[in-house]
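An overview of the molecular structure
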Amino acid sequence: MDKKLQKKLKNKLEQEKKKLTKDLSSFARKDPEIKGNWLTKFPFFGVGRSHQDETAEKIEEYEKLLPLEHDLELRLRDIEEALEKIKKDVYGKCEGCQKKIETKRLEVVPEAKLCLKCGKEKA
Ligand SMILES: [Zn+2]
């Protein structure tokens with residue numbers, strides 16, 4: 001891959017990583033037991049005794065945050081994997097057919113693991 005392009009994509013990945021980590025930190029914390037795992041903070045913590053209606057609202061909020069946390073966590077993992085690949089100089093290779101992933105695709109989704117064709121087949 002073109003070094004200049006790779007550098008550009010690496011910057012993009014690093015920025016995205018920062019942003020995702022910040023977003024996740026606002027409502028989740030890193031799991032001390034499992035690397036790469038995040039735990040959604042339960043809204044009760046530190047709140048003390050609250051009104052029952054308020055409690056129900058908080059549970060609802062928590063349930064909404066769970067899938068969001070999961071999504072962000074998976075993206076963050078993909079981004080970290082992509083950065084790892086750049087380090088090992090195997091970045092931009094499709095995990096399906098081992099061919100190069102289209103540059104256009106990487107510019108939109110720099111953490112892509114599959115080329116357009118394989119991505120379509122999977123979906
Ligand atoms: Zn492929």
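Preceding this section is the structure that the text describes.
Residues numbered from 1 in each chain as written. Predicted model: local features only at pLDDT ≥ 70, side-chain atom pairs only at ≥ 80, totals over all residues. Heavy atoms only, no water.

**Focus on the nonpolar core**
Put simply, the test is: In this text, buried Ala, Val, Leu, Ile, Met, Phe, Trp, Tyr and Cys residues form a nonpolar core when linked through side-chain atoms within 4.5 Å. A 1.4 Å probe rolled over the protein chains alone gives each residue an accessible area, and that area as a share of the maximum for its type sets the label: buried under 20%, exposed over 50%, partly exposed in between. For the purposes of this entry, the term helix denotes a DSSP run of H or I that reaches at least four residues, the term strand denotes a run of E that reaches at least two, and both are numbered from the N terminus. What makes two residues a contact is simply this: any of their non-hydrogen atoms within 4.5 Å.
Counting residues in each nonpolar core, the largest one holds 23 residues, and the members touching the most others are L13, L24, Y91, C94 and L106. For this core, the elements supplying multiple residues, two or more each, are α1 (3–27) and α2 (52–88). The dominant element in this core, judged by the number of residues it contributes, is α2, at seven residues. With residues near it in sequence (within four places) discarded, L24 still touches W38, E69, L72, E73 and L76.

**Focus: the side chain of T40**
Applicable threshold: Throughout this description, a polar contact denotes any pair of N or O atoms lying within 3.5 Å of each other; where both atoms belong to protein, one of them has to be capable of donating a hydrogen while the other can accept it, and for residues adjacent in sequence the pair is counted only when both atoms sit in side chains.
Its place among the elements puts T40 in strand β2 (residues 38–40). Polar side-chain contacts of T40 include one of 3.4 Å to the side chain of E69.

**Examining empty space enclosed by the protein**
Cut-off, in case you're wondering: Only protein atoms enter the calculation, which uses a 1 Å grid: trapped sets of points that fit a 1.4 Å probe without letting it out are cavities, open sets showing protein on both sides within 12 Å along at least five of seven lines are pockets, and any residue with an atom within 4 Å of a point is a lining residue. Grid points are joined across faces, edges and corners, and a volume is the space filled by probe spheres set on the points.
In this structure the tally under the stated criterion is one cavity of 30 Å³ or more. Taken as a whole, the largest cavity holds about 50 Å³ of empty space. As for the largest cavity, its lining consists of D78, E81, A82, K85, Y91, G92, K93, P110, E111, A112 and K113.

**Considering the coordination of the zinc ion**
Using the following cut-off: Each metal's donors are the N, O and S atoms within 2.8 Å of it, or within 3.2 Å when it is Na, K or Ca, and because water is not part of the set, sites may look incomplete. Each label reflects the angles at the metal, where four donors whose angles all fall between 85 and 135 degrees are tetrahedral, four or six donors whose opposite pairs open beyond 155 degrees and whose other angles stay between 65 and 115 are square planar or octahedral respectively, and the rest are irregular.
Looking at the metal site, the zinc ion is ligated by C94 (SG), C97 (SG), C115 (SG) and C118 (SG), spaced 2.3 Å from it. Around the zinc ion sit four donor atoms, and with donor-metal-donor angles ranging over 104 to 114 degrees the site reads as tetrahedral. Taken in chain order, the donor set of the zinc ion reads C-x2-C-x17-C-x2-C. Placement of the pair is C97 in the loop between α2 and α3 (103–108) and C115 in the loop between α3 and α4 (116–122), with a sequence separation of 18 residues.

**Digging into the packing of α1 against α2**
Defined as follows: Here an angle of 0 to 180 degrees is reported between the N-to-C directions of two axes, which are lines fitted to C-alpha atoms, with helices fitted over the stretch in contact. Comment on the angle field: the value is read as roughly parallel under 35 degrees, roughly antiparallel over 145, roughly perpendicular from 65 to 115, and oblique elsewhere. Crossings are assigned a handedness: left-handed for a near helix turned anticlockwise from the far helix by less than a right angle, right-handed for a clockwise turn. Under this grouping Gly is polar, as are all residues other than the nonpolar Ala, Val, Leu, Ile, Met, Phe, Trp, Tyr, Cys and Pro and the charged Asp, Glu, Lys and Arg.
Look at α1 against α2: their axes get within 9 Å of each other, and the N-to-C directions meet at 150 degrees. Compared by their axis directions, α1 and α2 come out roughly antiparallel. Where α1 crosses over α2, the handedness of that crossing is left-handed. Counting all contacts with α1, which are made through Q6, K10, L13, E14, E16, K17, L20, T21, D23, L24 and F27, the residues of α2 involved are L65, L68, E69, L72, E73, R75, L76, I79, E80, A82, L83 and I86. A class-by-class count of the residues in the contact of α1 with α2 yields twelve nonpolar, two polar and nine charged.

**So, the pattern of salt bridges**
The criterion, for reference: One side-chain nitrogen of Lys or Arg within 4 Å of one carboxyl oxygen of Asp or Glu is enough to make a salt bridge.
Tallied over the entire structure, the rule returns twelve salt bridges. The shortest N-O distance in the salt bridge between E80 and K17 comes to 3.8 Å. Remark: K17 occurs in helix α1 and E80 occurs in helix α2; sequence separation between them is 63 residues. With relative accessibility at 33%, the residue E80 sits in the partly exposed group. One network of salt bridges, with partners in common, ties together E16, R75 and E111.

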